[in-house]
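Each chain, written out:
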Amino acid sequence: MWRYRLFTGLNIFGIAISISACWMVYAIVRHEFSYDQSLPGKESIFRIVSGFTHDEKESYNGGVSAPMYQGIRADLNEIAHVVPVFEQWRTSIQINNPTASPIIIEDPTQIVSVDSAYFNMLPYTWLAGNQHTALSAPESVVLTESRMLQYFPGKSPSEVLNQTYTSYGLRDTMQKTVAGIVADFPETSEFLSKEFYSLVPEVYKLVEWTNTNSSDKLYLQLDPLAKPEHVNTMIQNLVEEKQKEFSISRNQPFTHSRWFEILPLKDIHFFTVLKERNVHKVSRPVMYGLAGIGLFLLVLACINYINMSAAQMPQRAKEIGVRKTLGSSQWLLIGPFLMETFLITASSSFIAFLLGRIGFWLLKDLMPAGLDPTENIFGLSIFVMILIVSITIISGLYPSWLITRVKTVNVFKNDLINRTTGSKFRMQKALIVFQFVIALVFILAAFIGGKQLQYTLKRDMGFNKDAVVLFDIPWKLRTTTSYEGKKLALMNELKKESGIRNISLGTAPLFDGYSSSLYTYTQEGNEPVKRQLFKKWVDTAYINLYDMELLAGRNLLPSDTTNELIVNESAVKAFGFTSASDAIGKMLKQGDRPIPIVGVVKDFNMQNFYSTIDPAALMSDQSNMRSFNIKLDKNHSEQWPKILQTIEKNWSQFFPAGSFQYRFYDQAIEQLYIQEHHMAKLINLATVIAILISCLGLFGLATLSVFQKTKEIGIRKVLGASVNGIIRLLSIEYIWLILLALLIASPLAWWAMNKWLSDFAYRIEIEWWMFSLAGVIVMAIALLTVGYLSVKAAIANPIKSLRTE
């Protein structure tokens, strides 16, 4: 190991990079798959989610109808626990202290209403209070330990018991009495609530069975013999029966298409089609893909070691020959070699720890919240030991086999290489091709993924997002009487500022959320056409601010309520109008109220590029206009900080100073693709590592090749070969290897990336130049890698190489 320090160093470095990358992948994947894994009875816990079909498109809502839990408890017998978890929205919490100022918590989160079934299903550790009676009174509340320390710092659970505090809402004020304290649940859990109010049973109206609220979650713990499919069918029948009763009572059919799915607890974290506010979800296939990347990098390191070891065989020929001459058996030959491999791998693991810590620090923005890479030291130690043993065995197999094939007589004839390498296309070359296939797949994935992300942000979205600043009126101030009318007063003040080009009140064109309603168009002699319309609340300045193209008709007239509509091209097609101008003047009904279409705008993106452009309508409604859209002068961006300070100063005249929070719209749109950006960064990192490890392996193969051809090069130079000719001779075989790797990698990369792109409603086309560019890049890197050895061999003194026997 010391004699061949270059090879030893390259091996240690290559394996260290691989192990550190595997550690990072292991930490991420383990964290994501650890959600609720330690929960007893997790196999029998399910969550009900609601599914809807609008205009032949499916969507999901994480909530249910509020009275469902009562109906299921009354009618279904195969369920051990029916557990409603209704999220609560409070404006502030006030905890009075006789000896000091009161503690006031603004906008508290993670508050839910539950009953005793919640604590029967989940194994919370009770620090104070009685599990069975804690929530028996309407004013009762149970706190987690962390929430208790926030509200009552310095006090023990027994001291906090029976303490009171005030909970303020938009429409009500409640006095709460602490009836229990429980230990916090692990952060990697579906159940992250920290404050539990008593859920008071109420008599629900029939109409409540037709509503769905994402804040009203429902969990079930089934009996051991219960079948989820059967329970799901019974729940569907129960809800449909209630909907039918509602239709009879109103004498009108219930037209919404709704169904339910019972999700196992282990699948909820990976159910990414369900969008929930402030809830982290991840795609299971993405995690498998990430694990695959880690595995590939590990295999690349093993291949690199094999090629390096094979490159050392000619230099170790006499050592092997002497050992065999002195009577060493196969195992006595293999043993020391495997021990070397183990020592190199073990040494690599220490360096990998340092590289991994640096990697976690550099990529902290990509890591899941709450991830601690050294949290489970025992599990990490086992993982690293498995890696060390696996790398030792995999990397040592082929070189050990080469050692056993060495014949002593060939060693002293200097014929070791020709006897052991076999066919012209050697094993080492096949491994190099495999390495560069992986590297090329990563490069192509990085090219295509980066191009698609660029396309999503640069493509014409149907509106101009540049130099637009957004800020919202805080939700708890929107319905406060004292703030009524202040948004218009603020708007009038901002219009006086010279640095603002345009200002509008309204919903941003593209954002992660939507509101929609069913509209009907009836043409005489034809069946009514019913379509869901995405609703955008706008004022008269909105279209000009976003540079939207008005195809027909006119802009909205000033109004506090919805008296007219501007629809997009997709709505024109959905309702069957022949053209944009044909739609002008037509009446769309929402319920029994007809509303005229006064304009048609060009289609614009309302959601991310995974979704198609749906029928939409722009309309006025002052009560729903909660966002300020401000257009700045993009040619004078140096003035923006001063303008933003001026906006904040004006804001403070009408609203609480600390509540002003702005964001640039183009950056907000980028945040919609944050997962894609993170994956692109990981692929780019994997690409660099794969190329680096592949080049190390190529260096080993080139070393072996140059050693084999030492005398051939000397003879060619004596016979008049030029330096360029020698370099071309040594390099041409690697060009063929790269071309072969490109030929194999191209269809693999095309298939994988085409599958990824298929999720986008608007996507790029995979073009031939991407494959050519990837090939050129890898070719250049490979030639640079072997260039040093080729030049060194080409300029060496031929007499010296021919004289050495």
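Refer to the structure above for everything that follows.
Structure report, in brief. (Residues numbered from 1 in each chain as written. Predicted model: local features only at pLDDT ≥ 70, side-chain atom pairs only at ≥ 80, totals over all residues. Heavy atoms only, no water.)

## Describing the environment of A657
Step number 1: Relative to the elements of secondary structure, A657 occurs in the loop between helix 20 (640-652) and strand 24 (662-664).
Step number 2: The exposure class assigned to A657 is partly exposed, which follows from its relative accessible area of 46%.
Step number 3: Through-space distance from the C-alpha of A657 to that of A745 is 57 Å; in sequence the pair is 88 residues apart.
Step number 4: Excluding residues that lie within four positions of it along the chain, A657 makes contacts with E648 and S652. (Helix = DSSP H or I, 4+ residues; strand = E, 2+ residues; numbered from the N terminus. Buried < 20%, exposed > 50% of the residue type's maximum accessible area, 1.4 Å probe, protein only. Contact = heavy atoms within 4.5 Å.)

## Considerations on the sheet that holds strand 15 (residues 500-505)
Step number 1: Taken in spatial order, the 4 strands of this open sheet run 15-23-14-24, and their pairing is antiparallel. Taken across any chain shown, the strands that pair with only one partner, and hence form the sheet edges, are strand 15 and strand 24. Here the strands of the sheet are splayed against their neighbours by 25 degrees on average, with no regard to which way each runs.
Step number 2: Where strand 15 lies against strand 23 (residues 627-632), 5 bridges are found, and the strand directions are antiparallel. Its bridge partner lying in strand 23, I503 is registered against I630.
Step number 3: Along the sheet, helix 20 makes contact with strand 14 (468-472), strand 15, strand 23 and strand 24, crossing strand 14 at roughly 25 degrees. (Pairing = 2+ DSSP bridges. Axes fitted to C-alpha atoms, helices over the stretch in contact; angles between N-to-C directions.)

## Considering the environment of L632
Step number 1: Relative to the helices and strands, L632 resides in strand 23.
Step number 2: For L632, the contacting residues outside a window of four places in its chain are A467, V469, G499, R501, W640, I643 and F664.

## Overview of a nonpolar patch on the surface
Step number 1: A contiguous nonpolar surface patch, about 500 Å² in accessible area, is contributed by I351, L355, I358, W361 and L362.
Step number 2: Its relative accessible area of 57% is what places L362 among the exposed residues. (Patch = residues over 30% accessible without salt bridge, like charges linked within 9 Å, V, L, I, M, F, W, Y side chains within 5 Å. Areas by Shrake-Rupley, 256 points an atom, 1.4 Å probe, with all protein chains shown as cover. Salt bridge = Lys/Arg side-chain N within 4 Å of Asp/Glu carboxyl O.)

## With respect to the packing of helix 14 (residues 427-458) against helix 25 (residues 768-795)
Packed helices, taken two at a time, are described by the angle between their axes plus the distance between the axes.
Step number 1: Orientation of helix 14 relative to helix 25, taken along the N-to-C sense of each, is 135 degrees, at an axis distance of 10 Å. Judged by the inter-axis angle, helix 14 sits oblique to helix 25. Regarding helix 14 and helix 25, the two cross each other, and that crossing is right-handed. Across the interface between the two elements, F436, L440, I443, L444, F447, I448 and K451 of helix 14 pack against W769, M770, F771, L773, A774, G775, I777, V778 and A782 of helix 25. (Parallel < 35°, antiparallel > 145°, perpendicular 65-115°, else oblique. Left-handed = near helix turned anticlockwise from the far one by under 90°.)

## Comments concerning helix 25
Because each turn of an α-helix spans 3.6 residues, side chains separated by three or four positions end up pointing in the same direction.
Step number 1: In this model, helix 25 (28 residues) spans 39 Å end to end at C-alpha, consistent with the 40 Å of a helix rising 1.5 Å per residue.
Step number 2: At G787, helix 25 shows its maximal kink, close to 40 degrees. (Expected span 1.5 Å × (residues − 1). Bend = angle between axes of the 7 residues up to and from the residue.)

## Some remarks on the pattern of salt bridges
Step number 1: For the structure shown, the criterion picks out 16 salt bridges.
Step number 2: A salt bridge links R47 to E276; the shortest N-O distance between them is 2.6 Å. Note that R47 is positioned in strand 1 (residues 45-54) and E276 in the loop between helix 7 (265-268) and helix 8 (284-312), a separation of 229 residues in sequence. Each member of the pair, R47 as well as E276, is classed as buried.

## Concerning the packing of helix 2 (residues 68-75) against helix 6 (residues 228-250)
Step number 1: The geometry of helix 2 relative to helix 6 is characterised by a closest axis approach of 11 Å and an angle of 120 degrees between their N-to-C directions. Both helix 2 and helix 6 take part in a crossing whose hand is right-handed. Of the residues in helix 6, those in contact with M68, G71, I72 and D75 of helix 2 are I235, L238 and V239.

## Structural notes on the nonpolar core
Step number 1: Judged by nonpolar contacts, the single largest core of 58 residues is most densely connected at L297, F436, L440, F442, I448, L698 and I766.
Step number 2: Listing elements by their share of this core, those giving two or more residues are helix 1 (5-33), helix 8, helix 14, helix 22 (674-708), helix 24 (723-757) and helix 25.
Step number 3: Beyond its immediate sequence surroundings of up to four residues, I448 is in contact with M753, L757, I764, I766 and M770.
Step number 4: Listed in part, the 42 residues of the second largest apolar core include V469, V572, V600 and W651. (Core = buried A, V, L, I, M, F, W, Y, C linked by side-chain atoms within 4.5 Å.)

## Some thoughts on the packing of aromatic side chains
Step number 1: One pass over the full model with this rule turns up 34 aromatic pairs.
Step number 2: For the ring pair F191 and Y219, a centre distance of 4.9 Å and an interplane angle of 50 degrees mean the geometry is tilted. Within this pair, whereas F191 is found in the loop between strand 10 (173-182) and strand 11 (195-198), its partner Y219 is found in strand 12 (residues 216-222), the two being separated by 28 residues in sequence.
Step number 3: Y219 sits in the buried class, given a relative accessible area of 2%.
Step number 4: Ring centres of F660 and Y662 lie 6.0 Å apart, and the angle between their planes is 35 degrees; on these two criteria the pair is classed as tilted.
Step number 5: Taken together, the ring pairs connect Y118, F119, Y124, W126, F185, F191, F196 and Y219 into an aromatic cluster. (Phe/Tyr/Trp six-rings, centres within 6.5 Å; stacked < 30°, edge-to-face > 60°.)

Everything listed here is a matter of coordinates, which is why it stays silent on function.
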